[in-house]
Amino acid sequence: MAITILASLLFFPQNIYAETISPSLTEDTLAVGETSEHSLEFTNDNGYDIFITPKLYKYYPQSEYVLDLESYEEIVEIDNDYIPIPANTTSTIHFKIKASEALDPGTYYNLIVFEQTGTQKEDSTIGASEAISHLVKLNIVDNPDLEIITDDYDTNIEVISRGIPFIKPAILKVTFYNNSPYTLIPTGEIQVIKKSGDKEPEYIKINMDRMPVYPEQSFEKEYEVENWYLEDIVFGKTAYMYLQNGLDDTTVTAVIEIPGFLNEFLYILGISTILILLIQSIKKDSKPKQKSSD
């Protein structure tokens, strides 16, 4: 029967205990049927030996829950026997990642939970419930040599606000929607260029935190355009977006114009001109008329 465990319980800050794992994540991209070999370092800083048993679970990163695995969902092969970790040592644990033919192309997660089945301390064995874990992420593809693994995602950039010249920045909004079966990590930059092009572009990094976008989910974020030049008021400026999906090397590009304030400028100029002419006319009419001499 499937069990539901809040994964955060398995990801306690590992320095609470005297056991650590490095790295905490292993990621690979394999074609269907391929297998790759990996390892991790398990450190036991206790003054006594410990014994661990690795168990595999299916991991849901969106909700941080784990479930029991069906056999066809296993993407990890690891020795399930008791593994002794001597006191004050670091041991290397080897495992394999396999792209099962029973799985469709997409991103899959297995969690290796290292349970302490017994701890030898001061010549007596005590039970231990602490468990630390290692996450395995696998992208299964049809052909890893293809330049484009997936193009099932949509990107968009739009102007949310033109800002106020020299007072408030313009605001751009980037949207990335993932239609694919993969976990994608959109990254890239926006280059904002003034019309005359005589200045260095303003560079804005997209998704610097590398936030993952899971299937059928989206990434949305607003970015501020800080730089202002006098010519922006009339001519506006151009923003170029360059975005990658984090899975292959494909770069999606988009261009958008950040409008200037030409209409407002002309309106203010027109009103100012009318006011100046009106004031001049009033001043002229208010001058006393000279009497003509006989």
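Provided above is the structure to which this section pertains.
Residues numbered from 1 in each chain as written. Predicted model: local features only at pLDDT ≥ 70, side-chain atom pairs only at ≥ 80, totals over all residues. Heavy atoms only, no water.

Enquirer: Which residues make up the pattern of salt bridges, and what values do they have?
Expert: Applying the stated criterion to the full structure yields 10 salt bridges. A salt bridge links Lys173 to Glu220; the nearest nitrogen and oxygen atoms lie 3.6 Å apart. Of this pair, Lys173 sits in strand S14 (residues 170-178) while Glu220 sits in strand S17 (residues 218-225), placing them 47 residues apart in sequence. Lys194 serves as the salt-bridge partner of Glu231, at 3.4 Å between the closest nitrogen and oxygen. Taken together, the positions of Glu231 in helix H1 (residues 230-235) and Lys194 in strand S15 (residues 187-194) put the pair 37 residues apart, joining distant regions of the chain. Taken individually, Glu231 and Lys194 each receive the classification buried, so the pair is uniform in this respect. In the salt-bridge network here, residues are joined through shared partners; they are Lys194, Asp198 and Glu231. (Salt bridge = Lys/Arg side-chain N within 4 Å of Asp/Glu carboxyl O. Helix = DSSP H or I, 4+ residues; strand = E, 2+ residues; numbered from the N terminus. Buried < 20%, exposed > 50% of the residue type's maximum accessible area, 1.4 Å probe, protein only.)

Enquirer: A description of the nonpolar core should follow, citing residues and the corresponding values.
Expert: By size, the foremost hydrophobic cluster in this structure holds 24 residues, and its most contacted members are Phe42 and Phe114. At the level of secondary structure, the elements contributing two or more residues to this core comprise strand S4 (35-44), strand S5 (50-60), strand S7 (76-78), strand S8 (83-85), strand S9 (89-98), strand S10 (106-121) and strand S12 (131-141). With four residues, S12 is the largest single contributor of residues to this core. Beyond its immediate stretch of four places on either side in the chain, Phe42 contacts Glu19, Thr20, Ile21, Ile50, Ile52, Ile85, Thr89, Thr90, Ser91, Ile93, Phe114 and Ile132. Core analysis: the next-biggest nonpolar cluster, separate from the first, contains 23 residues, Ile157, Val174, Ile190 and Ile256 among them. (Core = buried A, V, L, I, M, F, W, Y, C linked by side-chain atoms within 4.5 Å. Contact = heavy atoms within 4.5 Å.)

Enquirer: Tell me about the packing of aromatic side chains, and name the residues and values.
Expert: The final tally for this structure, using the stated rule, is five aromatic pairs. When the centroid spacing of 6.3 Å and the interplanar angle of 45° are considered together, the rings of Phe166 and Trp228 count as tilted. Linking Phe166 in the loop between strand S13 (153-161) and S14 with Trp228 in the loop between S17 and H1, this pair joins segments that are 62 residues apart in sequence. Look at Phe166 and you get partly exposed, because its relative accessible area is 48%. Relative accessible area serves as the criterion here: at 13%, Trp228 is assigned to the buried category. Between Trp228 and Phe261, the aromatic rings sit 6.4 Å apart at their centres with planes inclined by 45°, giving tilted as the arrangement. Of this pair, Trp228 sits in the loop between S17 and H1 while Phe261 sits in the loop between strand S19 (251-258) and helix H2 (262-286); the two residues are 33 residues apart in sequence, bridging distant segments of the chain. Put simply, the rings of Phe166, Trp228 and Phe261 touch in pairs and so form one group of aromatic residues. (Phe/Tyr/Trp six-rings, centres within 6.5 Å; stacked < 30°, edge-to-face > 60°.)

Enquirer: Hey, could you go over the pairing of S19 for me, with residue numbers and the actual values?
Expert: As judged from the eight bridges shared by strand S18 (residues 237-244) and S19, these two strands associate in the antiparallel manner. Bridge pairing in S19 links Tyr240 to Val255. (Pairing = 2+ DSSP bridges.)

Enquirer: For a nonpolar patch on the surface, give the residues involved together with the corresponding values.
Expert: A cluster of nonpolar side chains, contributed by Tyr267, Ile268, Ile271, Ile274, Leu275, Leu278, Ile279 and Ile282, occupies part of the molecular surface with about 810 Å² of accessible area. Along the polypeptide, Ile268 turns up in helix H2. On the accessibility criterion, Ile268 (53% relative accessible area) is exposed. (Patch = residues over 30% accessible without salt bridge, like charges linked within 9 Å, V, L, I, M, F, W, Y side chains within 5 Å. Areas by Shrake-Rupley, 256 points an atom, 1.4 Å probe, with all protein chains shown as cover.)

Enquirer: Can you explain the environment of Ile21? Please cite residues and give values.
Expert: Relative to the helices and strands, Ile21 is located in strand S2 (residues 19-22). Spatially, the C-alpha atoms of Ile21 and Ser91 are 9.8 Å apart, while their sequence positions differ by 70 residues.

Enquirer: Give a description of the pairing of S12 that names residues and reports values.
Expert: In terms of burial, S12 is a largely internal element, 11 of the 11 residues being buried. In the sheet, strand S3 (residues 25-31) pairs with S12 via seven bridges, with the strands oriented parallel. Residue pairing in the sheet places Leu30 in a bridge with Ile140 of S12.

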